[in-house]
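# Structural overview
These are the residues of each chain, in order.
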Amino acid sequence: MRNAEPAPWKVPCENCPLRGKAVFRQFSETELEFVKEFKAGELSVEAGTTVLLEGTNSAHLYTVLSGWAFRYKMLPDGRRQILNFALPGDLVGVQGSMFDKMEHSVEALNDLTLCIFPREKVSTLFSRYPRLAFDVTWLCAARNGFSTRTSSALVVGPRLNERLICYCTCSDARRISG
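The paragraphs below set out a description of the structure included in this document. (Residues numbered from 1 in each chain as written. Predicted model: local features only at pLDDT ≥ 70, side-chain atom pairs only at ≥ 80, totals over all residues. Heavy atoms only, no water.)

### A look at the nonpolar core
As a reminder of what qualifies: Buried Ala, Val, Leu, Ile, Met, Phe, Trp, Tyr and Cys residues form a nonpolar core when they are joined through side-chain atoms within 4.5 Å. Note on exposure labels: buried denotes an accessible area under 20% of the residue type's maximum, exposed denotes more than 50%, and partly exposed covers the range between, all computed with a 1.4 Å probe on protein chains only. In this text, helices come from DSSP runs of H or I with a minimum length of four residues, and strands from runs of E with a minimum of two, each type numbered from the N-terminal end. Contacts between residues were defined by any pair of non-hydrogen atoms, one from each residue, lying within 4.5 Å.
Residues Phe-34, Val-35, Leu-61, Leu-65, Phe-117, Leu-125 and Leu-132 are the most contacted members of the largest nonpolar core, which totals 20 residues. Elements with a contribution of two residues or more to this core: α1 (29-38), β4 (60-66), β9 (112-118), α3 (122-128) and α4 (130-143). Examining the composition of this core, we find that four residues originate from one element, α1, more than from any other. Excluding anything up to four places from it in sequence, Leu-125 contacts Phe-34, Pro-130, Leu-132, Ala-133 and Val-136. In this structure, Leu-43, Val-92, Met-102 and Ile-116 belong to the second largest nonpolar core, which totals 15 residues.

Encoded structure:
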């Protein structure tokens with residue numbers, strides 16, 4: 001049976017292996033303190049487990065600490081359309097924190113460790129740490145194929161996914177006309 005279990009903190013924020021990666025900027029001391037307070041724990045997830053389900057909302061958003069996941073939408077005929085992959089350092093569940101429900105699902109591709117962040121604290125991120133909030137928004141937009149200059153990236157996201165799915169699943173004639 002596949003499962004997901006909350007785990008005691010194995011990786012304190014100040015020792016996070018992602019902090020040493022050149023692709024991520026260093027947090028200021030106040031940002032690091034906020035992230036330490038924001039983090040509610042870690043989640044160990046077995047390969048094949050659905051982490052977030054399309055059409056629902058979640059009390060949490062997550063950062064991939066280790067492992068890979070993939071984002072997908074269910075098609076009307078029961079097939080899945082993979083939208084993209086979530087790698088270490090990527091956020092998952094932000095859409096469910098910003099909107100009423102998830103427009104896609106997330107499944108663990110292999111065993112996964114996620115840092116857990118409660119949804120109710122997202123507003124604090126945006127109100128008190130604008131630079132960090134900008135980085136989160138930019139990272140989400142970039143991972144979903146948007147230009148860094150797109151100011152409405154998170155709003156446009158679901159529509160782009162729908163167009164991608166239509167393109168990938170429709171007949172050639174429909175693709176040309178649509």
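### Quick look at the pairing of strand β5 (residues 69-74)
Here is the rule: A pair of strands counts as paired when DSSP detects no fewer than two bridges linking them.
In terms of residue burial, β5 counts as a mostly covered element, since five of its six residues are buried. Where β5 lies against strand β6 (residues 80-86), six bridges are found, and the strand directions are antiparallel. Residue pairing in the sheet places Met-74 in a bridge with Arg-80 of β6. Linking β5 back to β6 in an antiparallel pair, the connection comprises five residues, with Gly-78 at a positive phi of about 95°. Relative to strand β8 (residues 105-108), β5 runs antiparallel, the two being bridged by four bridges. The residue bridging Phe-70 from the neighbouring strand is Glu-107, located in β8.

### Some words on the sheet that holds β6
Strands in a sheet are paired, the pairing made by backbone hydrogen bonds, and the direction either parallel or antiparallel. The criterion, for reference: Note on definitions: angles span 0 to 180 degrees between N-to-C directions of axes, and those axes are lines fitted to C-alpha atoms, for helices only across the stretch in contact.
Taken in spatial order, the four strands make up an open sheet running β3-β8-β5-β6, and their pairing is antiparallel. Edge positions in the open sheet fall to β3 (50-52) and β6, since each of these has one partner strand only. On average, each strand axis in the sheet is inclined to that of its neighbour by 35°, with strand direction left out of account. Here β3 runs beside β8; their pairing, made up of two bridges, is antiparallel. Note that in β8 the partner of Thr-50 across the bridge is Glu-107.

### Regarding the environment of Thr-113
Among the structural elements, Thr-113 can be located in strand β9. Given the relative accessible area of 18%, Thr-113 is considered buried. Along the backbone, Thr-113 and Tyr-62 are 51 residues apart, and their C-alpha atoms lie at a distance of 9.5 Å. Other than its neighbours up to four places away in sequence, Thr-113 contacts Glu-42, Leu-43, Thr-63, Val-64, Leu-65 and Ser-66.

### Side note on the pattern of salt bridges
Two side chains carrying opposite charge are able to pair once their charged atoms lie near each other. The test is simple: By salt bridge we mean one thing: a side-chain nitrogen of Lys or Arg within 4 Å of a carboxyl oxygen of Asp or Glu.
A full pass over the atoms with the stated rule returns seven salt bridges. Here Glu-42 ties to Lys-39 by a salt bridge, and the two come within 2.9 Å at their closest N and O atoms. Of the two residues, Glu-42 and Lys-39, neither departs from the other in class, the shared state being buried. Residue Glu-107 pairs with Arg-80 through a salt bridge whose shortest N-O separation is 2.7 Å. Of this pair, Glu-107 sits in strand β8 while Arg-80 is found in strand β6, placing the two residues 27 residues apart along the sequence.

### Re the packing of aromatic side chains
Where we set the bar: Each Phe, Tyr or Trp ring (for Trp, its six-membered ring) is paired with any other whose centre lies within 6.5 Å, and the angle between the two planes then decides the class: stacked below 30 degrees, edge-to-face above 60, tilted in between.
Scanning the entire structure with this criterion turns up four aromatic pairs. Seen in terms of ring centroids, Phe-38 and Phe-117 are 4.9 Å apart; in terms of plane orientation they differ by 50°. Their pairing is tilted. With Phe-38 in helix α1 and Phe-117 in strand β9, this pair connects stretches of sequence that are 79 residues apart. Phe-117 gets classed as buried once you look at its relative accessible area, which sits at 8%. The rings of Phe-34, Phe-38 and Phe-117 are connected pair by pair, giving a single aromatic cluster.

### Focus on a nonpolar patch on the surface
Applied cut-off: The patches described consist of residues with a relative accessible area above 30% and no salt bridge, like charges being joined within 9 Å and nonpolar side chains (Val, Leu, Ile, Met, Phe, Trp, Tyr) within 5 Å. The Shrake-Rupley method, run with a 1.4 Å probe sphere, supplies the accessible areas, and residue values consider only the shown protein chains as cover.
Together, Trp-68, Ile-82, Phe-85 and Leu-109 make up a nonpolar patch on the protein surface, roughly 350 Å² of accessible area in all. Within the secondary structure layout, Leu-109 lies in the loop between β8 and β9.

What is shown is where atoms sit, not what they do.
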